[in-house]
Amino acid sequence: MSMYGRDPWGGPLEICHDSATDDDRSRNLDLDRAALSRTLDETQQSWLLAGPGDQGRKKKRYVDLGCLLVSRKLFLWTLGLLLAAAALAGIAAGIAKAVPRHQAPPAPLDQFTLALRKALMFFNAQKSGKLPKHNNVPWRGDSCLKDGRSDARRDLSGGYYDGGSAVKFNFASAFSMTLLSWSVIEYNAKYEAAGELGHVRDTIKWGADYLLKTFNSTAHSIDRLIAQVGGAAMSDGPSQPNDHYCWMRPEDIDYPRPVTECHTCPDLGAEMAAALAAASIVFKDNRVYSHKLLHGATTVWDFARKGGSRQTYSLPRSDAAKFYNSTGYWDEYMWGGSWMYLATGNSSYLQFATDANLANHAHVFSRPPNYGVFSWDNKLPGAQVLLSRLRLFLSPGYPYEEMLRTYHNQTSTIMCSYLPDFRSFNRTKGGLIQLNHGQPQPLQYVVNAAFLASLFSDYLEAADTPGWYCGPHFYSIEVLRNFARTQMEYILGKNPLKMSYVVGHGKHYPKRVHHRGASIPKKKGVHPGCKGGWTWRDTKKPNPHIIVGAMVAGPDRHDGFKDVRKNRNYTEPTLAGNAGLVAALVALSGEGHGVDKNTMFSAVPPMFPSPPPPPAPWKP
C-alpha cells in the first residue's frame, strides 16, 4: 500500500507542502476576516454567487423606492408613460379651452321680470329736452329745448311728457319719481338681479334734475313753483296752438309753450319734497348729489308749509283741474313729512306726520269713496304703509306709538278691502278690481294697489309675522300676494280678451296707442304742422312706432277694450300709471321675496323710546 492516502472518489490524497510561515498565515487570516466583514454591493454579490459562465452576462439593474425594489427599465418606462399622459392631457385641455363651448341656456325669466324691462323703456320714450346718447328709442329726438326761456326766463327743458301729449304736469311727475324711488329703496337687489338698477336710477335722476329746475333749489326760501309746462286747452278752435289741440311729434313743436306758476300750492310743494327726499335716499352713495336733492327737498317743504292762504295747485277751470285735479293737501303733508323724516332723521318731521290733528284733516278715521285707493291724488294709503313700516322695524314707542298703531291698523283694513271676501270694491267678470268704481282708466289704480299689497306682505314676512287679521279672520301673507299676482297677470294678458295692456309684452297688445310721437312716422325733412298730424290721429292703421312698455288706460268695467287712438280712456298711457306698473312688477319679480330693511333708515339715528310721562299725583 502506498504511503499516500487514496481519495474515496479515486484521486490521490496528497498533503500539499505549504511554504508560508506562521506570521504570513496570521496576516492573511486577518485580511480574510476583514474582507468577510465588509458589506458587498449587488454586483460584488453577483460575482460571488455567479455560476460558471455567468460572469460575461449583462447584469439587471434595480431602483430602490424605499418600500419597493423595481426594475430600472420598468421604472423608466412607467415614468415616461406618465409624463406622456400628462402632456396629452394638457394639450387636450388647451384645445378644449380654445374651442368655444355651448353653455346651457340660463333659466327663462319670469313674466314679471320681462315686463319690468319693457315698462322702464316707456320713460325713455317720454323724455323731453336734449336726449342722452343711449336713449334706445330710435324714433325720438331732442325736443322743446326752449321751454321756459320766454315765459319764466329760465331753462325748463328736460323732464317727462305726461302721456300722449307734450304737456309736463309736475304734480303727477313728482309722484311718479317718488313711487319709483320707493321701489328702488325697497327692492334694490331685485332691480340689480333683473339688470335694470342702472336704468331705473337714470330714470329717477332725469326726473329729479328737472324738478330742481322748477324752483330756486339753491335758495333757502322760495315764493313760487312751476306747476306745468305746455298748454292743454281742449277747444276745437283755439286762438293759439297748444299741446292738446295739435297732433304733432314733440320734435316738431314750433309754437310757444306757456308756463304755469303757483304761489300757494302746498299739495304740489309737499309732493315735490317727497320726490326729492326719496331720491336723496336712492342716491346716498353719491354724497354731493344726495345733499343737493335734500337741500331742494327742505326748501320746497318749507314753501309747502308756509302759513297764510293755502289752496290746491289745481285752480278751477285750469288745465290741471281737468287732468290732475287735487282734492286736498293734507294727505300730501303726511306723505311728504314721512319722506322728509326718513331722508333727514329729524324727529320734527315724524312728530308732524303723526300728529292727530293732521290725521283728522287727512280723513284717516273716515271712509271717503277713495279710501284705500292709492294714486297721484290720494297719498294717504301710501303714507300709512310707510309709517307702518316704521312701527314694524324700528318701533319708536312713545310718543309716536299710538298714531303709528292707528296707521298700522288702517293699513290692515285697506289690505282687507282688496280681498274679494269683503266686497269693498266690485270686480269685473274677468277678475279686475274696480278701485275707481267703474270709471275709465282703471289700471293706474290697480298697479298701485298691487304694489302696496306686495310691499306690505313683504313687511310682514320680514317681521316674522305670517299674516294679519281682518276682523276675527286671519289671512296669510300669501293671500295678499295672490291678490297682487292675479291682478298683474290680468294686465299682462290673463283676461277674457287675452290682451296684454302693456305694449310690446306678449303677442296681443294695443296697436293704436293714444300717443303723438308713436303715431306719426319719423321722416327726415317732413314736419307736419299743428293740424297736419290729424290724419294720423284719425286713421285706423296701427301706429308706425311701437311705444314699448307703455301701459294703456285699460278696459272698461265689462272687460271690454277698444283699440282706438282717439279714445284716450282706453289707449292713453301716463307717467304715473307706468311708475306704479314698474313698482308692482319689481315687487313680484324673481323667485324670492323680501325688502331691504335698512337702507330706508340710513339717515335715522338710533331710536331710544322716551318713557311715558308719570301719572298725576294721587289725591285721596
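Residues numbered from 1 in each chain as written. Predicted model: local features only at pLDDT ≥ 70, side-chain atom pairs only at ≥ 80, totals over all residues. Heavy atoms only, no water.

### So, the pairing of strand β9 (residues 473-476)
Here is step 1: Relative to β9, strand β8 (residues 467-470) runs antiparallel, the two being bridged by four bridges. Pairing of Trp468 across the sheet is with Tyr475, part of β9.
Here is step 2: Hairpin connection between β8 and β9: a loop of two residues separates the two successive antiparallel strands, and Gly471 in this loop has a positive phi of roughly 65°. (Pairing = 2+ DSSP bridges. Helix = DSSP H or I, 4+ residues; strand = E, 2+ residues; numbered from the N terminus.)

### Some remarks on a nonpolar patch on the surface
Here is step 1: Taken together, the side chains of Leu88, Ile91 and Ile95 present a nonpolar region at the surface, about 320 Å² in accessible area.
Here is step 2: Looking at where Ile95 falls in the secondary structure, it is placed in helix α3 (residues 72-98). (Patch = residues over 30% accessible without salt bridge, like charges linked within 9 Å, V, L, I, M, F, W, Y side chains within 5 Å. Areas by Shrake-Rupley, 256 points an atom, 1.4 Å probe, with all protein chains shown as cover. Salt bridge = Lys/Arg side-chain N within 4 Å of Asp/Glu carboxyl O.)

### Looking at the UniProt feature "active site" (unreviewed entry) in the chain
Here is step 1: Within this numbering scheme, the UniProt entry marks His514 as carrying the feature "active site" (unreviewed entry).
Here is step 2: Topologically, His514 is positioned in the loop between α17 (477-491) and α18 (516-519).
Here is step 3: Judged by relative accessible area, which is 9%, His514 ranks as buried.
Here is step 4: Those residues in contact with His514, other than ones at most four positions away along the chain, are Gly164, Trp247, Arg565, Lys566, Arg568, Thr571, Glu572 and Pro573. (UniProt positions renumbered as here; feature names shortened; annotations may be inferred. Buried < 20%, exposed > 50% of the residue type's maximum accessible area, 1.4 Å probe, protein only. Contact = heavy atoms within 4.5 Å.)

### Topic: the pattern of salt bridges
Here is step 1: If you walk through the whole model with that rule in mind, you get 27 salt bridges.
Here is step 2: The partner of Lys213 in a salt bridge is Asp155, with the nearest N and O atoms 3.2 Å apart. With Lys213 in helix α7 (residues 197-213) and Asp155 in the loop between α4 (111-125) and β5 (168-169), this pair connects stretches of sequence that are 58 residues apart.
Here is step 3: You can call Lys213 partly exposed: its relative accessible area is 29%.
Here is step 4: Several salt bridges share partner residues, and in doing so they unite Asp458, Glu461, Glu478, Arg481 and Arg485 into one network.

### Comments concerning the state of the cysteines
Here is step 1: Overall, the coordinates contain three disulfides when judged by the stated rule.
Here is step 2: Each disulfide pairs two cysteine sulfurs, and for Cys246 the partner residue is Cys530, the sulfurs being separated by 2.0 Å. Handedness here is read from the sign of the S-S torsion; for Cys246 and Cys530, about -95°, the answer is left-handed. On the criterion of sequence distance, the pair formed by Cys246 in the loop between β6 (225-229) and β7 (259-262) and Cys530 in the loop between α18 and α19 (534-538) is long-range, its members being 284 residues apart.
Here is step 3: Judged by relative accessible area, which is 19%, Cys530 ranks as buried.
Here is step 4: The disulfide bridge from Cys416 ends at Cys470, spanning 1.9 Å between sulfur atoms. Handedness here is read from the sign of the S-S torsion; for Cys416 and Cys470, about -95°, the answer is left-handed. Of this pair, Cys416 sits in helix α15 (residues 401-418) while Cys470 sits in strand β8; the two residues are 54 residues apart in sequence, bridging distant segments of the chain. (Disulfide = S-S within 2.5 Å.)

### Concerning the layout of surface pockets
Here is step 1: Taken as a whole, the largest pocket encloses approximately 580 Å³ of empty space.
Here is step 2: Surrounding the largest pocket, 30 residues form its lining, Phe323, Trp376, Gln441, Gln444 and Tyr445 being those nearest its centre.
Here is step 3: Contributing elements (two or more residues each) for the lining of the largest pocket: α10 (319-323), α16 (443-462) and α20 (568-571).
Here is step 4: Broken down by element, the lining of the largest pocket gets its largest block of residues, three residues, from α10.
Here is step 5: Along the lines of polarity and charge, the residues of the lining of the largest pocket split into ten nonpolar, 15 polar and five charged. (1 Å grid on protein atoms, 1.4 Å probe; cavity = no way out; pocket = protein on both sides within 12 Å on 5 of 7 lines; lining within 4 Å. Points joined across faces, edges and corners; volume = space filled by probe spheres on them. Nonpolar A, V, L, I, M, F, W, Y, C, P; charged D, E, K, R; others polar.)

### A word on the sheet that holds β5
Here is step 1: Taken in spatial order, the three strands of this open sheet run β5-β6-β7, and their pairing is antiparallel. If you trace the sheet from one side to the other, it starts and ends with β5 and β7, each paired once.
Here is step 2: Sheet topology places β5 next to β6; two bridges connect them, and they run antiparallel. Paired with Phe169 across the strands is Gln228, a residue of β6.

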